[in-house]
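These are the residues of each chain, in order.
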Amino acid sequence: MRIAPIASGSSGNCIYVGDDNTHILIDAGISAKNIEEGLHSLDLSLDDIDAILITHEHSDHIKGLGVLERKREIPIYASQGTIEGILSTKSLGYFNRDCFKSLRNLSPFTINDFTFNPHPVSHDANEPVCFSFENAHKRAAVVTDLGCYDDELLKSLGKLDFIFAEANHDVRMLQLGPYSYPLKRRILSDRGHLSNEASGRFISKLLNDDIKSIMIGHLSDKNNLPDLAYEAVKVEITMSDTKYDGLDFPIYVAKRNEMSKIVYC
Ligand SMILES: [Zn+2]
Ligand SMILES: [Zn+2]
């Protein structure tokens, strides 16, 4: 299995997940042109993509979806609430509604040799989800856009070989930064985003001996810095009451506007 974030951050998200037989995009929140360029750097094209999974209808997750779908009609898997959110975002333009596959009851679904599990998350969108997925060999998850997490989410994510988790903001930078008070309050709320520290605690609860590397992403442009996020997550893992230390695993930080490290697991 390989996982390659094409872009990750508050300005746009798109993550490639696949293996030799299956090619999936999670979210399409950057321009179709940038998505295609990212795929080319993986020796793939839009024609190879089997499906696009959308986590929720915020623009940093769907911005490129309309143009992409008019270039090639690719099946779109999303919760019913997210589909309604996409269809009511007029700026995306026309969609062939037959392309939408509604995740009824958020049940697991299979695409070629991958099984995907949608998990509900606490975020201020219609019906947001994150995804864990597995092929015959490995199991991984991409978890972004959540203000908090509970034992049910941790349990349902299961035993992972790789985790991509949001580390959205440094709380002090956010508090002192340029955002309006209502926006700060929204981001800090249970339906907002995970801070660097919260991300480190969340990741600590998912650590197991199979995990070979970790990636953090969806960093805020204004309220975070890659080195700060890395240090905070590393310290939280070291301070956690697990047997693991923050230096036991490589912790990669996904890049905002360019291809991040490709992770093989
Ligand atoms: Zn987002
Ligand atoms: Zn969001």
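Shown above is the structure to which this text applies.
Just so you know, these numbers come straight off a predicted model, no measurement behind them. (Residues numbered from 1 in each chain as written. Chains lettered and ligands numbered in written order. Predicted model: local features only at pLDDT ≥ 70, side-chain atom pairs only at ≥ 80, totals over all residues. Heavy atoms only, no water.)

Caption draft 1: Representation of the coordination of the zinc ion (ligand 2) within the structure. Only H56 (NE2), H58 (ND1), H123 (NE2) and D145 (OD) from the protein reach the zinc ion (ligand 2) as donors, at distances of 2.2 to 2.5 Å. Considering all four donor atoms around the zinc ion (ligand 2), angles at the metal cover 89 to 173° and the coordination shape is irregular. Read N to C, the donor residues that coordinate the zinc ion (ligand 2) are spaced as H-x1-H-x64-H-x21-D. The distance between the zinc ion (ligand 2) and the zinc ion (ligand 1) is 3.5 Å, with D145 acting as a donor to both metals. Separated by 67 residues along the polypeptide, H56 in the loop between β4 (51–53) and α2 (59–62) and H123 in the loop between β8 (114–120) and β9 (129–134) bring together distant segments of the chain. Of the two residues, H56 and H123, neither departs from the other in class, the shared state being buried. (Donors = N, O, S within 2.8 Å, 3.2 Å for Na, K, Ca; no water. Tetrahedral: all angles 85-135°; square planar, octahedral: opposite > 155°, others 65-115°. Helix = DSSP H or I, 4+ residues; strand = E, 2+ residues; numbered from the N terminus. Buried < 20%, exposed > 50% of the residue type's maximum accessible area, 1.4 Å probe, protein only.)

Caption draft 2: Summary view of the pattern of salt bridges. A complete count under the given rule lists 11 salt bridges for this structure. In this structure, R201 engages E236 in a salt bridge whose closest nitrogen and oxygen atoms are separated by 3.9 Å. One end of the pair, R201, is in helix α8 (residues 196–206); the other, E236, is in helix α9 (residues 226–239), with 35 residues separating them in the sequence. Here R201 falls in the partly exposed class, since its relative accessible area comes to 41%. Residue classification places E236 among the buried residues on the basis of a relative accessible area of 13%. With a closest N to O distance of 3.2 Å, D209 and K243 form a salt bridge. Separated by 34 residues along the polypeptide, D209 in the loop between α8 and β12 (213–217) and K243 in the loop between α9 and β13 (251–253) bring together distant segments of the chain. Both residues of the pair, D209 and K243, count as exposed. (Salt bridge = Lys/Arg side-chain N within 4 Å of Asp/Glu carboxyl O.)

Caption draft 3: Structural view of the coordination of the zinc ion (ligand 1). Here the zinc ion (ligand 1) is held by D60 (OD), H61 (NE2), D145 (OD) and H218 (NE2), and the distances to it run 2.1 to 2.2 Å. Geometry at the zinc ion (ligand 1) is irregular, judged from its four donor atoms and the angles of 91 to 165° they form at the metal. The exposure class assigned to D60 is buried, which follows from its relative accessible area of 10%. Exposure remark for H61: the relative accessible area of 0% places this residue in the buried category.

Caption draft 4: Layout of helix α4 (residues 80–87). Within the sequence span of α4, burial applies to G81, T82, I83, G85 and I86. Against α2, α3 (65–71), β5 (76–78) and β6 (100–102) lie the buried residues of α4. (Contact = heavy atoms within 4.5 Å.)

Caption draft 5: Quick look at the environment of T55. Among the secondary structure elements, T55 is positioned in the loop between β4 and α2. Judged by its relative accessible area of 5%, T55 falls in the buried class. Considering only alpha carbons, one finds T55 and I30, 25 residues apart in sequence, at a separation of 14 Å. When near neighbours in sequence (up to four residues on either side) are disregarded, T55 contacts I26, D27, H61, T82, E127, P128, V129 and F131.

Caption draft 6: Region of interest: the sheet that holds β5. The strand order β6-β5-β4-β3-β2-β1-β14 describes an open sheet built from seven strands, whose pairing is mixed. Each of the sheet's edge strands pairs with one partner strand only, and the pair in question is β6 and β14 (263–264). Bridge count for β4 against β5 is two bridges, and the pairing is parallel. Residue pairing for β5: L53 is matched across the bridge by Y77. Seen against the sheet, helix α1 (residues 32–41) touches β1 (2–7), β2 (14–18) and β3 (23–26) and runs at an angle of roughly 145° to β1. In the packing of α4 onto the sheet, contacts are made with β5 and β6, and the angle to β6 comes to roughly 150°. (Pairing = 2+ DSSP bridges. Axes fitted to C-alpha atoms, helices over the stretch in contact; angles between N-to-C directions.)

Caption draft 7: Main features of the packing of aromatic side chains. Evaluated as defined, the whole model comprises nine aromatic pairs. Seen in terms of ring centroids, F114 and F133 are 6.4 Å apart; in terms of plane orientation they differ by 35°. Their pairing is tilted. Of this pair, F114 sits in strand β8 while F133 is found in strand β9, placing the two residues 19 residues apart along the sequence. For F114, a relative accessible area of 0% translates into the label buried. Three or more aromatic residues joined by ring pairs make a cluster, and in this case those are Y77, F109, F114, F116, F131 and F133. (Phe/Tyr/Trp six-rings, centres within 6.5 Å; stacked < 30°, edge-to-face > 60°.)

Caption draft 8: Up close: the state of the cysteines. Going through the model one piece at a time under the given rule, you end up with zero disulfides. Of all cysteine sulfurs in the structure, the one in C130 sits closest to C265, which takes part in no disulfide; the separation is 16 Å. (Disulfide = S-S within 2.5 Å.)

Caption draft 9: Local environment of the pairing of β12. The buried fraction of β12 amounts to five of the five residues, a majority that puts the element mostly inside the structure. Covered by surrounding structure in β12 are S213, M215 and G217 together with I214 and I216, the residues of both alternating faces. Direction of pairing for strand β11 (residues 162–166) relative to β12: parallel, over a ladder of five bridges. Across the sheet, the residue bridging to I163 is I214, located in β12. Pairing analysis gives three bridges linking β12 to β13, with the strands arranged parallel. Note that in β13 the partner of I214 across the bridge is I251.

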